[in-house]
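# Commentary on secondary and tertiary structure
Here are the chains, one letter per residue:
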Amino acid sequence: MHARTLYQNAARLIAVSAMAISLAACGFQLRGAPPVSSALEPLDLDCQAPVPASLCYSVREQLELGGVELASAEDANYHLKIRNFERDRRASAITVQAAAAEYTLRHSVDLELISADGVPIIASTRLTTSESYRYDETNVLAKQREEENLQQQLSDRLAQQIIFRLAPITEARLQDIRDSHQKASTPGDTQPTTP
């Protein structure tokens, strides 16, 4: 009986491996964050407390995986600022005994992208993600681990939202933003009138 189970598990593993190889061969990829344009290089990533290190690390990792050159604030052409992190945990369902049956976790953060010369490329924008999970007071330790895993998933999702906001910014888009900013900050041309 034990040998039969091992044989079935091995057969499943081979089938899954073959499927993965065939999908990879035909160009299939899991959907992930889009690439960030090299027009934003070098980029300074500025995460300030209380933004959790896990979120900053996730954003940095996504940028590095995309080949984006990161630099210090002094050497960067653009500054990606992540600020005002808020974490919320609320009971979203209760039992008949008035105990929490489900919790909703919510993470929010402000994102801003400015050029080294102060042009706002992405004005301060609030990003939010949330997830709910069932709570079981008879299994507190397992639910605590589940919540910790969800907290990390929420950080990863926020990081992905940040990358999605950066992805459409190309060299042409940057030039349009600079032109619009310059027109808005320059008063209208008035010709002096001569009598």
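Before going into details, it helps to say that this report is about the structure given with it. These figures come from a predicted structure and were not determined experimentally. (Residues numbered from 1 in each chain as written. Predicted model: local features only at pLDDT ≥ 70, side-chain atom pairs only at ≥ 80, totals over all residues. Heavy atoms only, no water.)

Across its full length, the protein chain holds four helices and four strands. Listing each helix as α and each strand as β along the protein chain from the N terminus yields α-β-α-β-β-β-α-α. Split into buried and exposed, the 195 residues of the protein chain put 30% on the buried side. (Helix = DSSP H or I, 4+ residues; strand = E, 2+ residues; numbered from the N terminus. Buried < 20%, exposed > 50% of the residue type's maximum accessible area, 1.4 Å probe, protein only.)

With that out of the way, let us pick up the nonpolar core. One finds Leu-55, Val-59, Leu-63, Leu-80, Leu-113 and Leu-166 to be the most contacted residues of the largest nonpolar core, which totals 30 residues. Secondary structure elements with two or more residues in this core: β1 (43-47), α2 (53-65), β2 (78-94), β3 (100-115), β4 (120-134), α3 (140-166) and α4 (171-185). A per-element tally of this core places α3 first, with five residues. Ranked by size, the runner-up nonpolar core spans five residues in total, among them Tyr-103, Leu-105, Tyr-133 and Leu-150. (Core = buried A, V, L, I, M, F, W, Y, C linked by side-chain atoms within 4.5 Å.)

Once that is clear, we can look at the pattern of salt bridges. Under the defined criterion, the tally for this structure stands at five salt bridges. Arg-178 is the partner of Asp-117 in a salt bridge, and the nearest nitrogen-oxygen pair spans 3.0 Å. Separated by 61 residues along the polypeptide, Asp-117 in the loop between β3 and β4 and Arg-178 in helix α4 bring together distant segments of the chain. Overall, Asp-117 belongs to the exposed group, its relative accessible area being 53%. Of the charged contacts in the structure, one is a salt bridge between Arg-157 and Glu-131, with a shortest N-O distance of 2.4 Å. Taken together, the residues span a long stretch of sequence, with Arg-157 in helix α3 and Glu-131 in strand β4 at a distance of 26 residues. Taken together, the shared-partner salt bridges connect Glu-86, Asp-110 and Arg-126 into one network. (Salt bridge = Lys/Arg side-chain N within 4 Å of Asp/Glu carboxyl O.)

Taken as a whole and assessed by the stated rule, the structure comprises one disulfide. At a sulfur-sulfur separation of 2.4 Å, the disulfide partner of Cys-47 is Cys-56. Between Cys-47 and Cys-56 the sulfur-sulfur dihedral comes to about -125 degrees; the bridge is accordingly left-handed. (Disulfide = S-S within 2.5 Å.)

Time to look at the side chain of Ser-37. Counting through the fold element by element, Ser-37 comes out in the loop between α1 (2-25) and β1. With a relative accessible area of 18%, Ser-37 lands in the buried category. Reaching out from Ser-37, the side chain makes a polar contact with the backbone nitrogen of Ala-39 at a distance of 3.0 Å. The residues contacting Ser-37, other than those within four sequence positions of it, are Ile-169, Thr-170 and Glu-171. (Polar contact = N/O pair within 3.5 Å; in protein donor to acceptor, adjacent residues only side chain to side chain. Contact = heavy atoms within 4.5 Å.)

Moving on, we get to the environment of Ala-172. Within the fold, Ala-172 resides in helix α4. Each C-alpha atom of the pair Ala-172 and Ala-39 lies 9.1 Å from the other, and the pair is 133 residues apart in sequence.

In an α-helix, one turn spans 3.6 residues; hence positions three or four apart end up facing the same way. Its 13 residues give α2 an end-to-end C-alpha distance of 18 Å, which sits within 8% of 18 Å, the value for a rise of 1.5 Å per residue. Here α2 has its buried residues at Leu-55, Cys-56, Ser-58, Val-59 and Leu-63. For α2, the arc enclosing every buried residue in end-on projection is 160 degrees, short of the 170-degree limit, so these residues lie on one face. Across α2 from its buried face, at more than 90 degrees, point the exposed residues Ala-53, Tyr-57 and Leu-65. (Expected span 1.5 Å × (residues − 1). Arc of directions from axis to C-beta.)

The next thing to look at is unusual backbone geometry. Along the chain, Glu-41 connects to Pro-42 via a cis peptide bond; the corresponding omega equals -15 degrees. Take Pro-42: it is sitting in the loop between α1 and β1. A cis amide bond links Ala-49 to the next residue, Pro-50, at an omega of 10 degrees. With respect to the element layout, Pro-50 can be found in the loop between β1 and α2. Even without glycine at this site, Asn-84 takes up a positive phi of about 50 degrees. As for its placement among the helices and strands, Asn-84 is situated in strand β2.

Fair warning: the whole summary comes from geometry, so function is off the table for now.
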